[in-house]
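Below are the chains, spelled out letter by letter.
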Amino acid sequence: ETGVTQTPRHLVMGMTNKKSLKCEQHLGHNAMYWYKQSAKKPLELMFVYNFKEQTENNSVPSRFSPECPNSSHLFLHLHTLQPEDSALYLCASSQGLAGELRTGELFFGEGSRLTVL
Amino acid sequence: KQEVTQIPAALSVPEGENLVLNCSFTDSAIYNLQWFRQDPGKGLTSLLLIQSSQREQTSGRLNASLDKSSGRSTLYIAASQPGDSATYLCAVMEYGNKLVFGAGTILRVKS
């Protein structure tokens, strides 16, 4: 398996459910990201992790909870979501520079299409 | 706050035509600029990355330029093909590994 893999590809959940999105990268990168893509809106950065440490939370509501157990895996735990949270959630990775918050090319997964009923 | 604008929002051209997609950004303090392609319902595919110290990058029929001081980038596609039909996204990298995206240009190449 190569590149950035996201599971599940499609998810339908009720507002009271708890679910998780998973991302795995096989590129040896040390920075990982969650982005949200809603219809007719630019991609929005949600979270950034560098060397397993969260370095950016772009004012994301607490019903979204990220987890980065190691540099290859990133999760997004979902709880008590709203219908407006329905979107394509994209994970990405890149080769960050230790001690510097800048990086090279980002590689994206295929995304997880989330529908909240 | 960085804002990235892409013009036009949509473009329809006949096969074989050369075309230019435009991207502008408001804050020139960027580390790099990336162009991506997105097919419907899919993730993003990286096309070209231009470091802030570079002026252009080329890959096959694609050429991207960067004028950091004026906050502009262009993506030139030569001899367009129906397979080039997709949404093209421009994004700039800021300090903190933050990639800020434009809304994209929807390209349709007619055969």
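So, here is what we can say about the structure in this document.

The rules behind the values
- Residues numbered from 1 in each chain as written.
- Chains lettered and ligands numbered in written order.
- Predicted model: local features only at pLDDT ≥ 70, side-chain atom pairs only at ≥ 80, totals over all residues.
- Heavy atoms only, no water.
- Contact = heavy atoms within 4.5 Å.
- Buried area = accessible area lost by both parts, 1.4 Å probe.
- Salt bridge = Lys/Arg side-chain N within 4 Å of Asp/Glu carboxyl O.
- Helix = DSSP H or I, 4+ residues; strand = E, 2+ residues; numbered from the N terminus.
- Phe/Tyr/Trp six-rings, centres within 6.5 Å; stacked < 30°, edge-to-face > 60°.
- Buried < 20%, exposed > 50% of the residue type's maximum accessible area, 1.4 Å probe, protein only.

Overview of the interface of chain A and chain B
Next, step 1: Listed as interface residues are 23 residues of chain A and, on the opposing side, 22 residues of chain B.
Next, step 2: When chain A packs against chain B, the two sides together hide about 1800 Å² of surface, and 55% of this comes from carbon and sulfur.
Next, step 3: Our count for the contact surface shared by chain A and chain B stands at one salt bridge.
Next, step 4: One salt bridge connects Glu56(A) with Lys98(B), and the closest N-O pair in it is separated by 3.7 Å.
Next, step 5: Elements that contribute at least two residues to the side of chain A that touches chain B include exactly β4 (31-37), β5 (44-50), β9 (87-94) and β11 (100-103) of chain A.
Next, step 6: The element that contributes the greatest number of residues to the side of chain A that touches chain B is β4(A), accounting for four residues.

Observations concerning the packing of aromatic side chains
Next, step 1: Applying the stated criterion across every chain, the model contains seven aromatic pairs over all chains.
Next, step 2: Between Tyr33(A) and Tyr35(A), the aromatic rings sit 6.4 Å apart at their centres with planes inclined by 35°, giving tilted as the arrangement. As far as the burial class goes, Tyr33(A) and Tyr35(A) line up, both buried.
Next, step 3: For the pair Tyr35(A) and Phe101(B), a centre-to-centre distance of 5.5 Å together with 85° between the ring planes defines the contact as edge-to-face. Separated into two different chains, Tyr35(A) in strand β4 and Phe101(B) in strand β10 (residues 98-101) make up a pair that spans both.

What to know about the environment of Ser85(B)
All names here are of chain B.
Next, step 1: Turning to its location among the elements, Ser85 is positioned in the loop between β8 (72-77) and β9 (86-94).
Next, step 2: In sequence terms Ser85 and Arg37 are 48 residues apart; their C-alpha atoms lie 9.3 Å from each other.
Next, step 3: The contact partners of Ser85, leaving out residues within four places of it in the chain, are Arg37, Asp39, Leu107, Arg108 and Val109.

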